[in-house]
Amino acid sequence: MIDFTLSDRDQKILDRVREQALVVREYARYFDENEHEFPPDELAEAKDHPSVIGDLMQRGEGDSGIGTLGMLISMGETWGDYSVRIRRPVGAGLGNAAVSASGTPEQKKQWAGLTLAMAITEPGCGSDPSQVQTTAVLDEATNEWIINGEKIFVTAGCRADGVVLWATLDKSAGRAGIKSFVIEKDTPGFVVAHKEKKLGIRSDDTAALVFTDCRVPRSNLIGGKEEIPKAGSGGFKGAMKTFNMTRPGVAAFGLGMAEAALDFTRETLEEAGVELSYGAGAAAQAAVVEKFQRLEASFEATRLTILRAAWLSDQGQPNNMEASVCKAKGGSAVREITQGCIEILGPMGVSREHLLEKWFRDVRITDIYEGTGEIQRMIIARTLFDYTRADLS
Ligand SMILES: Cc1cc2nc3c(=O)[nH]c(=O)nc-3n(C[C@H](O)[C@H](O)[C@H](O)COP(=O)(O)OP(=O)(O)OC[C@H]3O[C@@H](n4cnc5c(N)ncnc54)[C@H](O)[C@@H]3O)c2cc1C
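Residues numbered from 1 in each chain as written. Predicted model: local features only at pLDDT ≥ 70, side-chain atom pairs only at ≥ 80, totals over all residues. Heavy atoms only, no water.

Caption draft 1: Fine view of the nonpolar core. Grouped together as the largest cluster of nonpolar side chains are 39 residues, with contacts concentrated most on Leu255, Leu262, Ile306, Ile337, Cys341, Leu356 and Trp359. Taken together, the elements giving at least two residues each to this core come down to helix H1 (8-33), helix H3 (66-78), helix H7 (243-271), helix H8 (287-314), helix H9 (320-345) and helix H11 (356-362). Counting residues per element, this core draws most heavily on H7, which supplies eleven residues. Each of domain 1 (8-78) and domain 3 (240-385) contributes no fewer than three residues to this core. For Cys341, the contacting residues outside a window of four places in its chain are Ala261, Leu262, Thr265, Leu295 and Leu356. Core analysis: the next-biggest nonpolar cluster, separate from the first, contains 19 residues, Ala136, Trp145, Ala167 and Val216 among them. (Core = buried A, V, L, I, M, F, W, Y, C linked by side-chain atoms within 4.5 Å. Buried < 20%, exposed > 50% of the residue type's maximum accessible area, 1.4 Å probe, protein only. Helix = DSSP H or I, 4+ residues; strand = E, 2+ residues; numbered from the N terminus. Domains from an automatic or database assignment. Contact = heavy atoms within 4.5 Å.)

Okay, structure coming up:
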């Protein structure tokens, strides 16, 4: 049976995360308005707020699995801000998830202390990774890969210690020819071209990267398998495994901000004397209350899809489709919720005096990276109805 009741230990962890998020929220507007600056590695208040990581690693009888609790922590953190943290985490990049999912034991050890970004997207390649144009050519004489290409919109691209980069060994092989490589900063030929300027999540460091005759050791190919698998043999699916826990994470980030928007709207309505009664039924409610409660219901439903995907992973069960379900549902729900809150509060919702307009901008990313909503719906359709890629193109 799935049971999401929280143990005392887990509740205490989440309470501490929420306290830290309240501190972080004080910095949220500043880094939204000063996009060129990076938030500090550690806020001055960090000394009064020890990390929760130690408690998180001690799992006992009745405690949630790490994946499930991790989602609730992600929601709690972004309730403060999308990227500002009381202390910047090490080793929590999307590239780290890729090494963890597909790296050899030696590789996992080698890059354990680094924060790694993930670089897939290129000026001409986003949703369809088979179009990756960045090349990796083996130099047998030196046992090195020579990387050439350009990557855009790389999260944490400026500050990460390195990237996991997707490149093709053979363009004619399509998806099967694509491999991922770790490239550390300071490798000659690896340049951070610029920091992107964005609609939302402006405190987040998003970069464009250029690789020119950039040489990395032969052993930097993640998983070590240099041969190009036959089409349909599942080689590419291995690389996609990375997303089975990161997609629920993206949905959780967005939902934390949507929760902040709901909390702000609820408090404002209550201060204005609007009674939020839950027993009366829709017909007996004021329209504004009914609208608000629909947004709350959407929030709860999304939260359950995220927890289910994480719980399956904690149980060691496949969650490929559930990861896409919560990402697709999350992407649309957080837009509906933040926009609905703005509609309820009117001018106050769009005023820069408050954070609601910022949350509305910030949640937009939920439906874009790690596969857009359209791409998640295609994955769900393929899994549920056995459609092939060709059926849906
Ligand atoms: C802030 C930010 C951070 C990012 N971080 C990273 C990162 O760390 N690493 C990284 O590699 N990338 C990152 N990205 C890039 C992101 O993953 C891509 O933007 C995304 O995959 C979509 O690709 P695209 O922008 O090229 O759009 P396109 O692929 O050109 O798609 C355009 C539109 O067409 C739709 N579409 C595409 N194909 C289909 C189809 N077959 N059927 C129906 N509709 C379709 C899409 O849903 C979308 O609405 C980031 C982007 C942003 C904005």
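Caption draft 2: Just the packing of H3 against H7, in detail. In contact at an axis separation of 7 Å, H3 and H7 are set at 35° when each is read in the N-to-C sense. Of the two elements, H3 crosses H7, and the hand of that crossing is right-handed. Contact residues: Gly67, Met71, Ser74, Met75 and Thr78 in H3; Met245, Pro248, Gly249, Ala252, Phe253, Leu255, Gly256, Met257 and Glu259 in H7. Considering only residue class, the contact of H3 with H7 consists of eight nonpolar, five polar and one charged. (Axes fitted to C-alpha atoms, helices over the stretch in contact; angles between N-to-C directions. Left-handed = near helix turned anticlockwise from the far one by under 90°. Nonpolar A, V, L, I, M, F, W, Y, C, P; charged D, E, K, R; others polar.)

Caption draft 3: Molecular detail of the environment of Thr268. Within the secondary structure layout, Thr268 lies in helix H7. In contact with Thr268, other than residues within four places in its own chain, are Leu345 and Met348.

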